[in-house]
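Each chain, letter by letter, is given below.
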Amino acid sequence: MVEKPPTRPLTPQDWEALIDDFQHGGSRCEKWSSLYPTPVLLDLAFSSLLRKDFPLKIPLLVFLEEFSLTLFKDPLHLDRLVELLRVIVQSPLDNIHITYALKEQMMVSATSILISINSFEAFDVRFTENVVELLLAVINRPNHGSDRHTRGIACECLRELEKSYPCLLSDVAGHLWSLCQSERTHASQSYILLFATVIYNIVNQKLSISILNTSVPLVPFCVPQRMLGSSSGLNKEVSGLNYKELRRAMAFLLEWPRVMTPFGMMEFMGMIMPIAVALELQASMLKVQFFGMIYSFSPVLCHTVLMMYLHFFEAFDGQELDIVRRLMLVSRETQQFLVFRLLAVHWLLGLLNKLVLNGEIAKKSIVDMGFLFYPTVFDPLSLKALKLDLLAFCSVCFEMLKDKSVSGEVMGDGNPAAKLFEDGLVSVSAFKWMPSWSTETAVAFRVFHKFLIGASSHSDADPSTTRILMESTIFRTLKKMLVDLMLEFQRLVPVTVAFIDRLLGCQKHCWLGESLLQTIDNNLLPRVTVDYRLVSYIPILDRIAENDTIPPHGLLDLLTKFMIFLVKKHGPDTGVRSWSRGSKVLGICRTLLSHHHSSRLFLGLSHLLAFTCLYFPDLEVRDHARIYLRMLICLPGAKLRHILNLEEQMCGISPSPQSFFNAQTPQYYDDLKKSGGISSYIHLERVIPLLVKRSWSLSLSPLGVGSTKLGFPDSIRDNEASMDEMELDNNLQLQTLSETDRMVQPQEPLRVMDSKVSEILQILRRHFSCIPDYRHMPALKVKIPCSLSFESEPFNHVWGGESPRSGLEGVDALPAIYATVLKFSSSASYGSIPSRHIPFLLGQPSWSTHFSGQTLSLEIVPLENGSGDDETYKAPLTIELEPHEPTPGLVNVLIEANAENGQIIQGQLKSITVGIEDMFLKAIAPSDIAEDALAGYYSELFDALWDACGASSNTGGETFPMKGGKGVAAISGTRSVKLLEVPADSLIQATKLYLAPFVVSVVGEQLVSILKDQGFIRDIIWKDSTPDSLLDATTSVAEFGRGLLRLTYTGDEDEDEDADEKESHPSITRRKLGFIHVLIFLPPRFHLLFQMEVSDISTLVRIRTDYWPCLAYIDDYLEALFLS
């Protein structure tokens, strides 16, 4: 018999590859298992760990711990493990090969392996005894400073063993108590928690043992006999607890909370509270000692106090209001972390709900505190949402008090519930002016739903009925509010429709939705102005048409008036817009025919359809109206509804309200199993990552509203436009003024301006004449470089199984995709985003496929630059945006491609994030300016824009023609300020990396000298001294030289106080170096100006812009730029 050749030892590189393949699993793991069986692999691992020059000891220990269930099945291997633990723990330190970190990891890994394989029951008990004995020997050196952290780790290992095998250390509890009394280093927390765990298990198992009088030595350690007696592993001889000694131990434990961290305190209290209950101790003792933690600034300690309150709520009688006030105070402290403030409101909501349901706190107290829960102006939106939930809870209490006929002294004048509802919405009132898809709008309508059905659950046993809700004050207030909102802000109509659909979709609250529709039919339709803006109300009109409980007469009258208006306003410039509007009206007519009896709407609908047949200008709309009219006259109602609903009953074909006869095409269904998760292995990534990465955000379910454009007020308006175009596109807020109207209108008073203002206006007119009007010509583009790649192995697994090119190696064996098309869309106002086409793309190779066929060779082959990150397997592309507003957003990506086997790949990739820094462009310069004169032009443009965006600007009434000759723009400036406490070197380095192209001038002799020496800024204006005009333009007398940013009121007394305060507070900036002027162009026509006053330890950034919404993102950008 031929002997097997000796196994080749593994090098550190081999171990790295082995660990990676084991974690990957599958065929990569089986490759090593076939070469190195488990006994051989463990022998190699143990021998490598004993070698002094082996560099991967800790990763190898983690590997053994992670795959312990697979590797440790033989008692011989456990003997080797225990011996390895003994050698490493008892070896002297040399801080090179044997370190504290290695000893600690060895103890943790050995403990984890024993617990994972259940060595106490599956193997001989001696393995557990040996490991526990070694750990006890480590901790039996109390108050020894150099290895205090190692002893703490040993205590944690013993605690895990005690938790896995209760009462394992019960016989040595007295020794552990003595060690706790002797330990004085920070490892005392681990000793205390170990001793508390042992006491907890003794009490939980009800063992009658003596803690003080023990004859069992600490080492050598033996497992208690009571754990070896029965077949289950525990032989409980219960004869009652030793209350006297256990209470002494409890008193000792209660003296040590002061040395614990918040997380240690939470672990400690989790064991102390059950012990106190079992020993029949008074809960007031715990309350007196631990209730003060509610006033700490740690969320963990506050959570611990609340858990103690839930266990011993009788002991906290009378202190519930103290907890409520503390949580309310935390939620209002702006210096606290947002997560702590959110948790405080969340705890407060749950606590109040429990107190009210249990009757432990009077509803009158909630009434008294309700008006203290209002969100403040500067609260984050997520915090406002939770506080509004609290207000909704208070409104429920108000309604309960009202139902019980509480006296007017408690309720107060008026209706408190309605007042809470209306005043609470003030904090999110911005939704009226924001797009319908904005988060503020979602929060507002979420609050509507909370206030409306807060007192009603979906349980059948709930006593509140829908009739009670319909008669509530909140519902009456909400109906009036929704009608007024839709009349004033037409873009909120889709959101309101989604809100009503949510009510209609609920079996219990559907009557509320129908009541809202009836209110809209009675109060909204008579007040709607019949003009082009009526198209915005089509969604709500369609819902009214679907409801057969609402009489259709009012709706038919409104539609008839609208069709008459369309006929009158039709002209040669209308184009296909008449067809679009007429088709939408016919869609509502079809809905009426599908949901109402013909006799109910015959007269009004026949008049509407007859008028459309005779007079509507579009031929297709007339034909469809004629068909509907003949069906209404000739067909009975049941047959008519069956024909109209026939398309909806056919699988895969959606009905079209705009056309009666459809050319039906076959519909292809994608394989959802294949296309659903393609974003996990096909990646479209940004080449340049964003600076601002938000950690917290409110995640709310959208109400099903699509993206709607909203132009920035006074952004661009036309010099001349027809009245038809103005009424058609109201979102652009164009202001039309014909030449005749200008002659009729009174002229503006003649203004007198000095030479400085005249020069500023000349510079601005010249600048704006270079900016294209995006409505009439191609706009400025923002380009985002990205790269597309995909992973070979998961791609083959999903789309190809085994590679069809068997026998090929290297690049020829890699999969590929062909004719890839990337389509982009966004809910933000980025215009039409062109698609990108990639003819051919190879998949990224993996280690196993790249080196297939080499399993017999153990020679390490280096992967060049990670292989997966090779640029050869990435396709570069650029996303081009034409922003109509310079705001961040998301770009959704849809991919369509062909696989090698002819399959069509189609699905959604991860969205690309667009940040505010992507909108930063360099200002456009006129073509007639020479290259050497650009620096002076940009400096003058900065000064002109800085003056125009100031509060005391003399250019507020001016308009500036834009490129294209049709549009004009006005400047409405906003100012802000940001103090950055960073040294000058850090600020200059960040400016070099990100803001250098936008710097137009540097002022100050010292700062000019520093920046000129570094040489990264060229072709700008350098000023050695600060002119007086700069000081006058940037600071007022009251604020120049002030170190701290403060808000002050006007008045003589306030000015005196301000002067005193200036004298008492020294300036933060010790030594001023100079100013850096930054000019950033924000497409399509806005500007962002920075004047950075640089000093040696801090920088004051003065910000001016003519687009105020961008200030919401600039604060985070500056912090990420300079403070990260």
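Scroll up a little and you will see the structure.
This write-up is about the structure you can find in this document. Values in this document were obtained by computation on a predicted structure and should not be read as measured data. The written sequence of each chain sets the order in which its residues are numbered from 1. At least 70 in pLDDT is required for a residue's local features to be given in this predicted model, at least 80 for side-chain atom pairs to be given and counted, and no such filter applies to totals for whole chains, interfaces and linings, which use all residues. Only hydrogens and water are set aside when side-chain values are computed; all heavy atoms of the structure are taken into account.

### Quick notes on the overall build of the protein
Consideration 1: From N to C terminus, the protein includes 46 helices and 16 strands.
Consideration 2: Here's how the labels work: a residue is buried when its accessible area is under 20% of the maximum for its type, exposed when over 50%, partly exposed in between, all with a 1.4 Å probe on protein chains only. The 1124 residues of the protein split such that 48% are buried.
Consideration 3: Note on contacts: a residue pair qualifies if any of its non-hydrogen atoms lie within 4.5 Å across the two residues. In the protein, the proportion of contacts linking residues at least 24 apart, taken out of those at least 6 apart, comes to 72%.
Consideration 4: Counting every atom, the protein has about 55,400 Å² of accessible surface; 54% of that belongs to carbon and sulfur. Numbered from the N terminus, helices here are DSSP runs of H or I no shorter than four residues, and strands are runs of E no shorter than two. Here the accessible surface of atoms and residues is derived via Shrake-Rupley with a 1.4 Å probe, and residues count as covered only by protein chains that are part of the display.

### Digging into the pattern of salt bridges
Consideration 1: Just to be clear on terms, a salt bridge is a Lys or Arg side-chain nitrogen sitting within 4 Å of an Asp or Glu carboxyl oxygen. The tally for this structure, following the rule as stated, stands at 38 salt bridges.
Consideration 2: Of the charged contacts in the structure, one is a salt bridge between R226 and D171, with a shortest N-O distance of 3.3 Å. With R226 in the loop between α12 (188-205) and α13 (243-253) and D171 in the loop between α10 (148-164) and α11 (173-182), the pair connects residues that are 55 residues apart, well separated along the chain.
Consideration 3: With a closest N to O distance of 3.7 Å, K823 and E896 form a salt bridge. Placement of K823 in strand β4 (residues 816-825) and of E896 in strand β7 (residues 889-899) is noted, with a sequence separation of 73 residues between them.
Consideration 4: For K823, a relative accessible area of 39% puts it in the partly exposed group.

### Quick look at the environment of T441
Consideration 1: Relative to the helices and strands, T441 resides in helix α23 (residues 439-453).
Consideration 2: Taking C-alpha positions, T441 is 8.2 Å from V495, a pair spaced 54 residues apart along the chain.
Consideration 3: Each residue touching T441, except ones within four places of it in the same chain, is listed here: F431, M434, P435, S436, L492 and V495.
Consideration 4: Whenever two N or O atoms come within 3.5 Å, that pair is a polar contact, provided that in protein one can donate a hydrogen and the other can accept it, and provided that, for residues adjacent in sequence, both atoms are side-chain atoms. Within the structure, the side chain of T441 is placed 2.8 Å from the side chain of S438, a separation counted as a polar contact.

### Notes on the sheet that holds strand β16 (residues 1099-1105)
Consideration 1: For two strands to be treated as a pair, DSSP must find no fewer than two bridges joining them. The strand order across the open sheet built from 6 strands is β11-β16-β15-β14-β12-β13, with neighbouring strands paired in mixed fashion. Each edge of the open sheet is held by one strand with a lone partner, namely β11 (974-980) and β13 (1021-1023). Across this sheet, the average inter-strand angle for adjacent strands is 15 degrees, counted without regard to direction.
Consideration 2: Two elements, strand β12 (residues 999-1003) and β13, share 3 bridges in a ladder whose sense is parallel. Bridging across to β13, V1003 finds its partner in K1023.
Consideration 3: Docked against the sheet, helix α42 (residues 984-995) engages β12, β14 (1072-1082), β15 (1086-1095) and β16, running at close to 155 degrees with respect to β15. Note on method: axes are straight lines fitted to C-alpha atoms, helices fitted across the in-contact stretch only, with angles between N-to-C directions ranging 0 to 180 degrees.

### What to know about the side chain of E245
Consideration 1: Within the secondary structure, E245 is located in helix α13.
Consideration 2: For the buried E245, no salt bridge is present, and the opposite-charge side chain at shortest range is R248, 6.8 Å distant.
Consideration 3: When near neighbours in sequence (up to four residues on either side) are disregarded, E245 contacts I209, S210, I211, L212 and N213. Here Asp and Glu are counted as negative and Lys and Arg as positive; His is not counted, and neither are the chain ends.

### Some thoughts on the packing of aromatic side chains
Consideration 1: Side-chain rings of Phe, Tyr and Trp (the six-membered ring for Trp) are treated as a pair once their centres are within 6.5 Å; stacked means planes under 30 degrees apart, edge-to-face means over 60, and tilted covers the remaining angles. Taken as a whole and assessed by the stated rule, the structure comprises 28 aromatic pairs.
Consideration 2: Measuring from ring centre to ring centre gives 6.2 Å for F431 and F445, while their planes differ by 80 degrees; the resulting arrangement is edge-to-face. Highlighted residues: F431 in the loop between α22 (416-424) and α23 and F445 in helix α23, separated in sequence by 14 residues. For the pair formed by F431 and F445, the shared burial category is buried.
Consideration 3: Seen from their ring centres, F920 and F998 are 6.2 Å apart, and the 85 degrees between their planes marks the pair as edge-to-face. Of this pair, F920 sits in the loop between β8 (904-914) and α41 (934-948) while F998 is found in the loop between α42 and β12, placing the two residues 78 residues apart along the sequence. Taken as a pair, F920 and F998 share a single burial class, namely buried.
Consideration 4: The structure contains a cluster of three or more aromatic residues connected by ring pairs, namely W177, F195, F252 and W256.
Consideration 5: The criterion for a charge sitting over a ring is simple: Lys NZ or Arg CZ within 6 Å of the ring centre, and within 35 degrees of the ring normal. The residue whose ring lies beneath R326 is F297, and the NZ or CZ to ring-centre distance is 5.8 Å.

### A few points about the packing of helix α6 (residues 75-90) against helix α9 (residues 126-139)
Consideration 1: In the contact formed by α6 and α9, the axes pass within 10 Å of each other and the chain directions differ by 10 degrees. For the element pair α6 / α9, the angle class is roughly parallel. On α9, the residues that touch P75, L78, D79, V82, L85, R86, V89 and Q90 of α6 are R126, F127, N130, V131, L134 and V138.
Consideration 2: For the contact of α6 with α9, the per-class residue count stands at 9 nonpolar, 2 polar and 3 charged. Angles are sorted into four bins: roughly parallel if under 35 degrees, roughly antiparallel if over 145, roughly perpendicular if 65 to 115, and oblique for all others. Residues are grouped as follows: nonpolar covers Ala, Val, Leu, Ile, Met, Phe, Trp, Tyr, Cys and Pro; charged covers Asp, Glu, Lys and Arg; every other residue, Gly included, is treated as polar.

### Describing unusual backbone geometry
With the exception of glycine, most residues fall at negative phi, and the peptide bonds are largely trans.
Consideration 1: P220 follows V219 through a cis peptide bond whose omega is 0 degrees.
Consideration 2: Between P1083 and the following residue, P1084, the backbone shows a cis peptide bond with an omega angle of 10 degrees.
Consideration 3: Of note, P1084 is situated in the loop between β14 and β15.
Consideration 4: One non-glycine residue, C167, adopts positive backbone phi at about 70 degrees.
Consideration 5: Tracing the chain through its elements places C167 in the loop between α10 and α11.
Consideration 6: We classify C167 as buried; its relative accessible area is 3%.

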